[in-house]
Amino acid sequence: MSKIAICPGSFDPITFGHLDIIQRGANVFDEVYVVIVNNSAKNSLFSVEERLELITEATKHMPNVKVDFYQGLTVDYAESVSANAIIRGLRATSDFEYEMQGTSMNRFLNSRIESFFIMTKNQYSFLSSSIVKEVAKYGGDISELVPPVVQEALSKKYAQQKG
Ligand code: ADP
């Protein structure tokens, strides 16, 4: 039986921190579905379609990674692709508390699906989509934080907003 995991998140936009987690997950699992979970509580900069495109481009060198979008419960999506694992990244203790809540709820909803946490690499421990957007908005150098395709998309987005 192949080992299938999902890696859910907002990915608004995808960063090298996300990509590191996805790659390391893909080294362990046979297949990894990166899934954009549309969280209505968050105001996103990029549309779901734009995020799908960016993730697809950024992960195209990873043959066992697929990209998808889902509106609904993460555990239901996992079931729909026959996954029995959820991969999440951990940066700081604040992530830990947030993840404890999410994981407990997921286990309550579906105890067949196990959550796995991958500790970030030191160089990405400060990295988040929000900080990247903040830096990009004011013209800072983000080349070591996101892939070129995301850098380009951010420049375009903020140029549009200014113009
Ligand atoms: P969410 O809104 O679900 O937290 P994010 O896109 O912010 O979505 O994050 C998706 C996953 O990627 C989360 O598990 C998060 O902890 C992880 N992640 C985000 N940035 C990093 C990073 N720099 N290093 C490791 N994991 C990260």
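Below is a short write-up of the structure. Note that the structure is a prediction, hence the values are computed from the model and not measured. Numbering of residues starts from 1 in every chain and runs along the sequence as written. Predicted model: local features are reported for residues with pLDDT of at least 70 only, side-chain atom pairs are reported and counted for 80 or more only, and whole-chain, interface and lining totals are derived from all residues. As a rule here, side-chain values come from all non-hydrogen atoms in the structure, and water together with hydrogens is ignored.

**Digging into the pattern of salt bridges**
Phase 1: Salt bridges are defined as contacts in which a side-chain nitrogen from Lys or Arg sits within 4 Å of a carboxyl oxygen from Asp or Glu. This structure, assessed with the given rule, holds nine salt bridges.
Phase 2: Ionic pairing is found between E31 and K66, a salt bridge with its closest N-O pair at 2.6 Å. Taken together, the residues span a long stretch of sequence, with E31 in strand β2 (residues 31–37) and K66 in strand β3 (residues 65–70) at a distance of 35 residues.
Phase 3: We note a salt bridge from R91 to D95, for which the minimum N-O separation is 2.9 Å. In this text, helices come from DSSP runs of H or I with a minimum length of four residues, and strands from runs of E with a minimum of two, each type numbered from the N-terminal end.

**Here we look at the layout of surface pockets**
Phase 1: Space inside and on the surface of the protein is sampled on a 1 Å grid over the protein atoms alone, with a cavity defined as a set of points where a 1.4 Å probe fits but cannot get out and a pocket as an open set with protein on both sides within 12 Å along at least 5 of 7 lines; lining residues have an atom within 4 Å of a point. Grid points are joined across faces, edges and corners, and a volume is the space filled by probe spheres set on the points. Roughly 240 Å³ of internal volume is contained in the second largest pocket.
Phase 2: What lines the second largest pocket is simply F46, E50, E53, L54, E57, V149, E152, A153, K156, K157 and Q160.
Phase 3: If one sorts the elements of the lining of the second largest pocket by residue count, helix α6 (residues 148–162) sits on top with six residues.
Phase 4: For the lining of the second largest pocket, the residue count by class is four nonpolar, one polar and six charged. Under the grouping applied here, Gly and all other residues not named as nonpolar or charged are polar, the nonpolar ones being Ala, Val, Leu, Ile, Met, Phe, Trp, Tyr, Cys and Pro and the charged ones Asp, Glu, Lys and Arg.

**A closer look at a nonpolar patch on the surface**
Phase 1: Nonpolar side chains (Val, Leu, Ile, Met, Phe, Trp, Tyr) within 5 Å and like charges within 9 Å form the patches, drawn only from residues with over 30% relative accessible area and no salt bridge. Each accessible area is a Shrake-Rupley result for a 1.4 Å probe, and residues are judged covered by the shown protein chains and nothing else. A cluster of nonpolar side chains, contributed by L73, M105, F108 and L109, occupies part of the molecular surface with about 430 Å² of accessible area.
Phase 2: The residue L73 is located in the loop between β3 and α3 (74–80) in this model.

**As for the environment of L73**
Phase 1: Think of it in three bands: residues with accessible area under 20% of the maximum for their type are buried, residues over 50% are exposed, and the middle band is partly exposed, with areas taken using a 1.4 Å probe on protein chains only. Accessibility expressed as a relative area gives 42% for L73, which makes it partly exposed.
Phase 2: The spatial distance from the C-alpha of L73 to the C-alpha of Y33 is 15 Å, given a sequence separation of 40 residues.

**What about the packing of aromatic side chains?**
Phase 1: Stacked, edge-to-face and tilted labels apply to pairs of Phe, Tyr and Trp rings (six-membered ring for Trp) whose centres lie within 6.5 Å, assigned for plane angles under 30 degrees, over 60, and everything in between, in that order. Tallied over the full model, the rule gives three aromatic pairs.
Phase 2: Centroid distance Y70 to Y77: 5.2 Å. Interplanar angle 55°. Geometry classified as tilted.
Phase 3: Given a relative accessible area of 3%, Y77 falls into the buried group.
Phase 4: Through a chain of ring-to-ring contacts, the aromatic side chains of Y33, Y70 and Y77 assemble into a single cluster.

**A word on the nonpolar core**
Phase 1: As used in this record, nonpolar core signifies buried Ala, Val, Leu, Ile, Met, Phe, Trp, Tyr and Cys residues forming a set joined through side-chain atoms within 4.5 Å. In this structure, F11, I14, I22, I87 and L154 are the most contacted members of the largest nonpolar core, which totals 33 residues.
Phase 2: Among the elements of the structure, β1 (4–9), α1 (16–28), β2, α2 (48–58), β4 (85–90), α5 (129–137) and α6 are those that each provide at least two residues to this core.
Phase 3: Contact definition: two residues touch when any of their heavy atoms are within 4.5 Å. Excluding its chain neighbours within four sequence positions, the residues that come into contact with F11 are H18, I22, V34, V35, I36, R51 and I55.
Phase 4: In terms of nonpolar packing, the next biggest core, distinct from the first, is built from twelve residues, I6, V35, V75 and I86 among them.

**Description of the pairing of β2**
Phase 1: Extensive coverage of β2 is indicated by the burial of six of its seven residues.
Phase 2: In this description, strands pair whenever DSSP reports at least two bridges between them. The pairing of β1 with β2 spans six bridges and is classified as parallel. Among the inter-strand pairings, A5 is bridged to a residue of β2, identified as V32.
Phase 3: Here β2 pairs with β3 via six bridges, running parallel. Looking at the pairing, I36 lines up with F69 of β3.

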